[in-house]
Amino acid sequence: MVDRNANENMNNSTSKLLNISGAEAVIRCLLEEEANLVYGYPGGAIMPIYDEIFKFQDQLHHVLTRHEQGATHAAQGFARTSGKVGVALATSGPGATNLVTGIADAQIDSTPMVCITGQVASNLLGSDAFQETDIIGISTPVTKWNYQITKAAEIPEIMAKAFYIARSGRPGPVLIDITKDAQFEFFDFSYKKCDGIRSYQPYPNLSMEAVDKAVELISQAKKPLVVWGQGIILGKAEEEFKTFLEKSGIPAVWTILGLSALATDHPSNRGMVGMHGNYAPNLLTNECDVLIAIGMRFDDRVTGDLTTYAKQAKIIHLELDAAEINKNVIADVVLHADCKHSLQALNDRIAEKKYPKWIRRFDQLDAIEQEKVIHSDLNPTKPGLTMGEAIAMINKHSKGDAVIVTDVGQHQMVACRYAKFNQSKSNVTSGGLGTMGFALPAAIGAKMGAMDREVVAVIGDGGYQMTIQELGTIFQQQVAVKIVVLNNDFLGMVRQWQQLFFDKRYASTEMVNPDFVTIAKGFKIEARRVKERKDLNEVVKEMMSSDKPYFLEVCVEKEDNVFPMIPTGASVSDIRLE
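Keep in mind that what you see is a predicted model, and the values were worked out from it rather than measured. (Residues numbered from 1 in each chain as written. Predicted model: local features only at pLDDT ≥ 70, side-chain atom pairs only at ≥ 80, totals over all residues. Heavy atoms only, no water.)

Chemist: Is there a simple way to think about the confidence of the model for the protein in this case?
Modeler: As a general rule, the predicted coordinates of low-pLDDT regions are not to be interpreted in detail. Per-residue pLDDT for the protein has a mean of 96; in total, 97% of the residues score no lower than 70. Throughout residues 1–13 the model reports pLDDT below 50, and contacts reaching past four residues in sequence, or to other chains, amount to 25 contacts. (pLDDT = per-residue confidence, 0-100. Contact = heavy atoms within 4.5 Å.)

Now the structure itself:
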């Protein structure tokens, strides 16, 4: 038996231990990286590591999710609110493959995560042994890096690299697969955090020549527009971004992952771009003369038809990831660097300016959207509740200070349009992959990453049932998440498309739902249902005042649609208000 206290020698970033198992080394590595909260599900091939988790339970908190996919989404939620690397564990075979959706989601949304999977013994690799799956081959397209460990001595260096790669540059998921014999094998352990890898340059050097060209374009602009994405949040550049907007006077609009980087009520914040974005931001994308894209990747849901997207504008792209530069939209000037540094350089050089005529154009279009869409969403005359007024009621009682975690569908777009935020890292959603089932487990992680904040999961009735089993995790861990299911008894977003583009052929989209309130109560979670407008305020107030997990079902209009809307493949100029 190893005497851990007598055998431990700390020396700056390096710790040394004699003759410990690979499984214990994994735990030691996690603790060295301050990853003392992990999510997972045990099984045969990872059992040695779980045995060490039991021994280290006073230092490492393991959250048993009810499905491995739930572990990855919880790790994502934790990473998004805490700014740290999320960690998920699973066994081999189906345990490992169940991680893949969450890994792919983290990859496209740039979420730092380290996934550790057990694997059959190295002498069985390639033999189709029980619960053997080539998770390295499967996960290669959706990870930033992956590696299979077959010798215990590899563990410290590979784990250090895993955390460095996951968090540095454009963040992303890393998967480490560890054979069972490597977990049992003993070796002399030492650990040194990774601070660099040859040929991997996560933070390019900023070209000051490019900065000067960008400043020149900005100074000549009459109708400039900023489109910002999650790069502002990932780069911890919120203050530099705010300074840039206030000094330049340029109106700014956001992608859904960029939401909350700037306070909702900041005068420079003009709303959301994209398929269900605001009217003015979308139309004026094709009227601006200089478009400054910051930490965003010109996703198709933002650009619509690329052949018509911002063709009249000079494009300035502030981007860290070289793979995103000139991929979808060709930029006139590229600032290839961390956006915090790029914005600092711009702030030192740009002049203060105002654009009153250009701003009035936004105001005019905002007024049209207010009249035709927003007023009826938030102040409906029809008897049924709308999704918009449910979000507005959450705003009223959260005062813009809550973290809002959304799933995928109509409720997601409504929440992004109407939720109010005062601080960064407040909007947690599945952006690029669009993963139904994301919100409930992600809300668990989001709350555990920001224990001092209220976390409200806003979910549709369809996506909720994809990971509803994670109510068990909430019950066991007593995570004080507020769960709001906007129930329209439909797969709402698909139904909306079927209504608008498939002559109301509602093929396989109507839901016959269970009693959600009874299910929540079965997990000892306080639960209420609201069907009438007169009850909404009281129940939301009760929910937001609770210091325990709380479930609220809001029964909304069955065929309520989300507008504005840009049809798939259409130009942003083709945005529809009805």
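Chemist: Help me understand the pairing of strand β8 (residues 173–179), please; the structure alone is not making it clear to me.
Modeler: Working note: regular strand, side chains alternate between the two faces of the sheet. Of all seven residues making up β8, seven are buried, and the element is well covered by its neighbours. With seven bridges joining them, strand β6 (residues 113–119) and β8 adopt parallel strand pairing. For V114, the partnering residue across the bridge sits in β8 and is V174. Judged from the five bridges that link them, strand β7 (residues 145–149) and β8 form a sheet pairing that is parallel. Residue pairing for β8: Q148 is matched across the bridge by D177. Crossover β7 to β8 through helix α7 (residues 155–167) is right-handed. (Buried < 20%, exposed > 50% of the residue type's maximum accessible area, 1.4 Å probe, protein only. Helix = DSSP H or I, 4+ residues; strand = E, 2+ residues; numbered from the N terminus. Pairing = 2+ DSSP bridges. Right-handed = clockwise from strand over helix to strand, strands pointing away.)

Chemist: Can you help me understand the packing of aromatic side chains in this one?
Modeler: By convention here, two paired aromatic rings are described through the distance between centres and the angle between planes. In this structure the tally under the stated criterion is eleven aromatic pairs. Seen in terms of ring centroids, Y164 and Y200 are 5.9 Å apart; in terms of plane orientation they differ by 85°. Their pairing is edge-to-face. Residue Y164 is found in helix α7, and its partner Y200 is found in the loop between β9 (186–192) and α9 (208–220); the two are separated by 36 residues along the sequence. The exposure class of Y164 is buried, given its relative accessible area of 12%. An aromatic cluster of at least three residues, connected via ring pairs, comprises F187, F189 and Y191. Sitting over the face of the ring of F490, R495 holds its NZ or CZ atom 5.7 Å from the ring centroid. (Phe/Tyr/Trp six-rings, centres within 6.5 Å; stacked < 30°, edge-to-face > 60°. Lys NZ or Arg CZ within 6 Å of the ring centre and 35° of its normal.)

Chemist: I tried to follow unusual backbone geometry on my own but got confused; where do I start?
Modeler: Note: most peptide bonds trans; most residues except glycine with negative phi. In this chain, F563 is followed by P564 through a cis amide linkage whose omega measures 0°. Relative to the elements of secondary structure, P564 occurs in the segment after β21 (550–555). Positive phi outside glycine occurs at Q131, with the angle close to 60°. With respect to the helices, strands and loops of the structure, Q131 is situated in the loop between β6 and α6 (135–139). Backbone geometry places D489, a non-glycine residue, at a positive phi of 55°.

Chemist: Looking at this structure, how should I read the environment of L31?
Modeler: With respect to the helices, strands and loops of the structure, L31 is situated in helix α1 (residues 22–32). L31 sits 25 residues away from F56 along the chain, and the two C-alpha atoms are 9.8 Å apart. Sequence-distant contacts of L31, that is, excluding residues within four places in its chain, are made with N36, F56, Q59 and L60.

Chemist: Got a minute to help me understand the sheet that holds strand β20 (residues 526–530) in this structure?
Modeler: Strands belonging to one sheet form pairs held by backbone hydrogen bonds; the direction of such a pair is parallel or antiparallel. Spatial ordering of the open sheet is given by β17-β16-β18-β19-β21-β20, a layout of six strands whose pairing is parallel. Each end of this open sheet is capped by a strand with a single partner; those strands are β17 (427–428) and β20. As judged from the two bridges shared by strand β16 (residues 403–406) and β17, these two strands associate in the parallel manner. Bridged to I404 within β17 is N427. Seen against the sheet, helix α18 (residues 439–449) touches β16, β18 (455–460) and β19 (482–487) and runs at an angle of roughly 175° to β18. (Axes fitted to C-alpha atoms, helices over the stretch in contact; angles between N-to-C directions.)

Chemist: Explanation requested: the packing of helix α11 (residues 238–248) against helix α14 (residues 339–349) in the structure shown.
Modeler: Between two packed helices, what matters for the description is the angle formed by their axes and the separation of those axes. Their axes nearest at 9 Å, the elements α11 and α14 cross at an angle of 30°. Classified by the interaxial angle, the pair formed by α11 and α14 is roughly parallel. Considering how the two elements wind past one another, α11 and α14 form a crossing that is left-handed. Two secondary-structure elements touch here, α11 through E240, F241, T243, F244 and K247 and α14 through K340, L343, Q344, L346 and N347. Partitioning the contact of α11 with α14 into residue classes produces four nonpolar, three polar and three charged. (Parallel < 35°, antiparallel > 145°, perpendicular 65-115°, else oblique. Left-handed = near helix turned anticlockwise from the far one by under 90°. Nonpolar A, V, L, I, M, F, W, Y, C, P; charged D, E, K, R; others polar.)

Chemist: Would you mind showing me how to read the domain arrangement of the protein here?
Modeler: Many authors give the size of an interface as the accessible area that is lost as the parts come together. We note that the domain assignment places domain 1 (4–190), domain 2 (208–361) and domain 3 (383–556) within the protein. The gap between the C-alpha centroids of domain 2 and domain 3 is 31 Å. At the interface, 17 residues of domain 2 touch 19 residues of domain 3. Between domain 2 and domain 3, roughly 1500 Å² of surface is buried when both sides are summed, and carbon and sulfur atoms account for 60% of that area. In terms of surface lost to domain 3, no three residues of domain 2 exceed I256, S260 and H276, which account for 37% of the buried area on that side. (Domains from an automatic or database assignment. Buried area = accessible area lost by both parts, 1.4 Å probe.)

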